[in-house]
Amino acid sequence: MSKPNHIVIVGGGTAGWMAANLMAQAWQSQGIKITVIESTRIGTIGVGEGSTPYLRQFFHRLNIPEAEWMPACHATFKCGISFPDWSTNKGYENYFHPFYSMIDAPNAPLFFENCSYRRQGSDVFAHPNDFFVTSKLAQAKKSPIAATPPRKPVEYGYHFDAELLGQYLAKKALEKGVNHIDDKVLSVETIADGSISHLITENSGELHADFFVDCSGFSGLLIQQTLGEKITSKKGYLKCDSAVALPTPLNLQNNVPSETVSKALKYGWVWNIPLTKRFGNGYVYCSDYISKAEAEAELRQHLGMENSDAKAVHLHWQPGRLENHWRKNCVAIGLSQGFLEPLEAPMLYLVQRTTENFIAYFQHENFNSDLKTRFNREINLLIDGTVDYLQAHYKANTRDDSQFWIDCRENTCMSPSLSAILSGWDESRNFEMVMQEQANTQVYQRASWYCLLAGMGRFKPISEADNNVNKNRAEQNHQNANQDCTAQSEVFIAHNEHLRTMT
Ligand SMILES: Cc1cc2nc3c(=O)[nH]c(=O)nc-3n(C[C@H](O)[C@H](O)[C@H](O)COP(=O)(O)OP(=O)(O)OC[C@H]3O[C@@H](n4cnc5c(N)ncnc54)[C@H](O)[C@@H]3O)c2cc1C
């Protein structure tokens, strides 16, 4: 495809500014003009405080050190996510989902082996928490950065203030020469072939460009409202469609957790995210089962804030995704592409991948419409693979305290891939085969699936014909892994101490 002279990004939320930075990095030296237009009057969504390790790669690509961006965004380190109360199985009421790292390579196979014995009915230890170094770090509120070099690298993500991250990325993009207009887009004009020709703004007249990036959030101003792309609903798979958020105080003098806590409540789950100046909290629930007021009351009770006049923020969405993220001369990035839900915090990774793939395809020498089709298919695979992993949390829950949890567990609306994973796990023998078959299509890899399913104790009852050979070996596996993970975790520093050195 011939390179455009001018790209306009509509939207200055996290997606808009992430895209602006990556595109400026790739194209500015070639003289391509990039403009971000946003309306500060409309504002941004203001949530989205957790990331996966891919955000490290984003900052690495932009050559921005942690010591610079983290304090500016009140950011903390994230070793993984713990999941209290999704399961009521004895001994499995909480589990930790680590970001699988090279340092875990010797111990992960021991965990998989123990899971295999336990899935066959042997009475062996198969809870993930003792088999991963970052699990120990999170338990001890340690940073994933070591005082002396660890055996192998440790993967980690971050927590950050979404508003501050947007402002920080805006500053970096402007330094790279990106133009910025604070104005409202009133309408989007197209030409005969359906492509976008220009935007009509409230105060800045017409804005012409060769290519347009829709980062306008849930409104999907360009891709949905103008080009007519529809959101394909995923509500059949993922019921949660609403959230209510409330911050609580945090004192950096105390130990600061290095994990997100995603704790199940009666009609959904609540996130607890430590930043350097506050905790972010939010209750994600399904509006078919409770009202906004009931959800807020449950969150306030959970946080002990029944008598506080702090204002809660309510959000609602339709879980789903676009079929075509790139159509005509427009690509959608961020919430305009659709949104599933905040569980496992995968959405900024989607922003990153969509932008990076778009850049790679767009500058392809032999660009043709097949590449655009391939791009759309890849993004859809990424989102649908994420749906599988998120839905598996709900399928594996064992709660009976509301119809919501029972309906989630009994939900038969599932992709064939998730169905194969769950039956592969339950049928005890062929889970590894299913994992191999899906290795290239699943977004979450083997260790994540093991942690989720074993972590919730999705095992058949202990069998009478227990195998003592397995038991002895499994006991050894557990002891070795636990000792090794504990020893490895010794060289890492306390999270709050580390954060204090950065501020
Ligand atoms: C409850 C909740 C929790 C979440 N938690 C996480 C998480 O932990 N981790 C994660 O990765 N993601 C999370 N997300 C998703 C994450 O918030 C978004 O992916 C991310 O913030 C990107 O949003 P955005 O930039 O696409 O949209 P927005 O932040 O909504 O930005 C839209 C932009 O478009 C502009 N705009 C809109 N209309 C116009 C117009 N007419 N003219 C000019 N400008 C306009 C707005 O002013 C704004 O600048 C969460 C989402 C929700 C709803």
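Quantities reported herein were computed from a predicted structural model and do not represent experimental measurements.

A. Representation of the pattern of salt bridges. Taken as a whole and judged by the stated rule, the model has 23 salt bridges. In this structure, Arg-374 engages Glu-378 in a salt bridge whose closest nitrogen and oxygen atoms are separated by 3.9 Å. One end of the pair, Arg-374, and the other, Glu-378, are both in helix 9 (residues 369–396), four residues apart, so they sit about a helical turn from each other. In this structure, Asp-401 engages Arg-399 in a salt bridge whose closest nitrogen and oxygen atoms are separated by 2.5 Å. Here Asp-401 falls in the partly exposed class, since its relative accessible area comes to 35%.

B. Here's a closer look at the pairing of strand 10 (residues 196–201). Within strand 10, five of the six residues are buried, which leaves it mostly tucked inside the rest of the structure. A loop of five residues connects strand 9 (residues 185–190) with strand 10, the two strands running antiparallel in sequence, and Gly-194 in this loop sits at a positive phi of about 95 degrees. Direction of pairing for strand 10 relative to strand 11 (residues 206–208): antiparallel, over a ladder of three bridges. Following the sheet pairing, Leu-199 is matched in strand 11 by Leu-207.

C. Quick look at the domain arrangement of the protein chain. The domain architecture assigned to the protein chain consists of domain 1 (6–49 + 161–232 + 319–367), domain 2 (77–157 + 385–493) and domain 3 (242–316). Of note, the centres of domain 1 and domain 3, computed from C-alpha atoms alone, are 29 Å apart. Each partner contributes residues to the interface: domain 1 has eight residues there, and domain 3 has ten residues. With both sides pooled, the region where domain 1 packs onto domain 3 buries about 770 Å², and carbon together with sulfur makes up 66% of that total. The largest per-residue losses of area from domain 1 upon contact with domain 3 belong to Val-47, Glu-49 and Pro-342, which jointly make up 57% of the total buried on that side. Across the domain 1-domain 3 interface, the total number found is two salt bridges. The partner of Glu-49 in a salt bridge is Arg-278, and the shortest N-O contact between them spans 2.9 Å. For the side of domain 1 that touches domain 3, a count of residues per class yields five nonpolar, no polar and three charged.

Conventions and cut-offs
For every chain, the first residue of the written sequence is number 1, and numbering continues from 1 onward in sequence order. At least 70 in pLDDT is required for a residue's local features to be given in this predicted model, at least 80 for side-chain atom pairs to be given and counted, and no such filter applies to totals for whole chains, interfaces and linings, which use all residues. Side-chain metrics in this entry use all non-hydrogen atoms of the structure; hydrogen atoms and water are not considered. Salt bridge criterion: a side-chain nitrogen from Lys or Arg within 4 Å of a carboxyl oxygen from Asp or Glu. Every helix listed is a DSSP run of H or I at least four residues long, and every strand listed is a run of E at least two residues long, numbered separately from the N terminus. Burial classification: accessible surface area is computed with a 1.4 Å probe over protein chains only, and a residue below 20% of its type maximum counts as buried, one above 50% as exposed, and the rest as partly exposed. We call two strands paired when DSSP finds no fewer than two bridges between them. For the domains described, the bounds stem from an automatic or database domain assignment. Contact criterion: two residues are considered in contact whenever any of their non-hydrogen atoms come within 4.5 Å of each other. Computed with a 1.4 Å rolling probe, the buried area is the accessible surface lost when two parts are put together, summed over both parts. Classification used: nonpolar for Ala, Val, Leu, Ile, Met, Phe, Trp, Tyr, Cys and Pro, charged for Asp, Glu, Lys and Arg, polar for all others including Gly.

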